[in-house]
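Observations on the three-dimensional arrangement
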Amino acid sequence: SQFIIIIIMASASCNTEPSSSASASAAERRARRMAKLQELSLRRNEARKLNHQEVVEEDRRNKLPANFEQKRKLNHQEVVEEDRRNKLPANFEQKRKREEWREEEEKKRKEAEDRGEDYDRLRMLEWTAEEVEKWERKKKKKNADPGFSTYEAAGLRQYQALTKKMKPDMEHYEEQKEKLGEEFFPDMNTLVDVTRKDSEEAVDKLVADVEKQIEKRAKFSRRRGFNDDADIDYINERNMRFNKKAERFYGKYTAEIKQNLERGTAV
C-alpha cells in the first residue's frame, strides 16, 4: 500500500509542473497583449488629437480672406525690409543720394566732354542768382578758415588735409591681411618687424608729396597791409616786428602811459 501511495504522489507531482508552466506562459501572453493594447490606445488618442488640430486649422484657413496669403507675404517682406533699414547707419540714405548724384554728374560730364563742351559752364548756366548765393554761403560755412590758433591745431589741420587726399590700396591691404593672418592685427605683445621695406612706388609717392609741399610752401606769401598814416616808432623792419609783438601782448597795459607821454603829462 505504501508503494501505491508513493506512485500516486509522484504522478501528482508530475501533473503539477506542466500546469504551473502553462499558467506562467498564459500570464506573459496576457501581459504582452495588454501592453500592445495600451500602445494602440495611445496611438489612437494621438491620431484623434492630430486630426482635431488639422480640422481646426482647416476651418481657420477657410474663414480667412481670399488674399490673406498674399497680404501675409507682403507684411513679411515689409518687416524684413524695415529690419534691414534699422540696421543701416543713420546717414546711409544721405550717402546713397550723394553717390547717385555724383554718378549722374560724372555721366553728364563725360557726355559734355565727348561733345567738346565745358560741363562746368553748362551747369552754371542753369543756376539762378539765388542758388549761387546759397551755394556760396554754404561753401563758406563748410570751408570756414578759423585762422591760426595754436601749433597743435595747425598740425591737426595739415594732417587732416593730407589724409583726405590719400587713397588706400585695398587690394594690397587684403593681400597683407590674408598673408599675415592674426599677426595683421597687432596687440601689446606684437614685435615690430624692422626687416620690412616699403615698395618703390610708395617711396616715390612720399617723395613727390613732400616735394609738392615744399613747392607750395615756397610760393606762399601772406600779404600784410601797410598803413601810411601809422606812427613810425621803429628804426628798421626787425624793430617794427618786435614793437608790433610787444603792442599785441602789452598794449592794453601801457596805453595810458603812452597817452601821458604824448600829452607831456607823464609823472
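Remember, predicted model here, so these are calculated numbers, not experimental data.

About the criteria used
Residues numbered from 1 in each chain as written. Predicted model: local features only at pLDDT ≥ 70, side-chain atom pairs only at ≥ 80, totals over all residues. Heavy atoms only, no water. Helix = DSSP H or I, 4+ residues; strand = E, 2+ residues; numbered from the N terminus. Patch = residues over 30% accessible without salt bridge, like charges linked within 9 Å, V, L, I, M, F, W, Y side chains within 5 Å. Areas by Shrake-Rupley, 256 points an atom, 1.4 Å probe, with all protein chains shown as cover. Salt bridge = Lys/Arg side-chain N within 4 Å of Asp/Glu carboxyl O. Lys, Arg positive; Asp, Glu negative; His and termini not counted. Charge placed at Lys NZ, Arg CZ, Asp CG, Glu CD. Buried < 20%, exposed > 50% of the residue type's maximum accessible area, 1.4 Å probe, protein only. pLDDT = per-residue confidence, 0-100.

1. Digging into the environment of R123
- Tracing the chain through its elements places R123 in helix α4 (residues 119–125).
- Along the sequence, R123 and R109 sit 14 residues apart, while their C-alpha atoms lie 9.5 Å from each other.

2. A short note on a positive patch on the surface
- Taken together, the side chains of K95, R98, K134, R137 and K138 make up a positively charged region of the molecular surface.
- Within the residue set of the positive patch, elements represented by two or more residues are α3 (92–114) and α5 (129–142).
- With 3 residues, the top contributor of residues to the positive patch is α5.
- Structurally, K134 is set in helix α5.
- Accessibility expressed as a relative area gives 58% for K134, which makes it exposed.

3. Here's the deal with the confidence of the model for the protein
- Residues at a pLDDT of 70 or more form 84% of the protein, whose mean pLDDT is 79.
- No element of the protein has a lower mean pLDDT than helix α1 (residues 2–63), which averages 74, and none a higher one than helix α9 (residues 237–263), which averages 88.

4. Digging into a nonpolar patch on the surface
- The grouping of M124, W127, V132 and W135 at the surface amounts to a nonpolar patch, some 390 Å² of accessible area in total.
- Relative to the elements of secondary structure, M124 occurs in helix α4.
- Assessed through its relative accessible area of 52%, M124 is described here as exposed.

5. Structural notes on the pattern of salt bridges
- Tallied over the entire structure, the rule returns 13 salt bridges.
- Close ionic contact of D120 with R109 constitutes a salt bridge, the shortest N to O distance being 3.2 Å. In this pair, D120 sits in helix α4 while R109 sits in helix α3, placing the two residues 11 residues apart along the sequence.
- Residue classification places D120 among the partly exposed positions, given a relative accessible area of 27%.
- Between E237 and R241 there is a salt bridge whose closest N-O contact spans 3.4 Å. Taken together, the positions of E237 and R241, both in helix α9 and 4 residues apart, correspond to about one turn of that helix.
- For E237, a relative accessible area of 52% corresponds to the exposed category.
- Counted as one network, the salt bridges with shared partners bring together E105, R109, D120 and R123.

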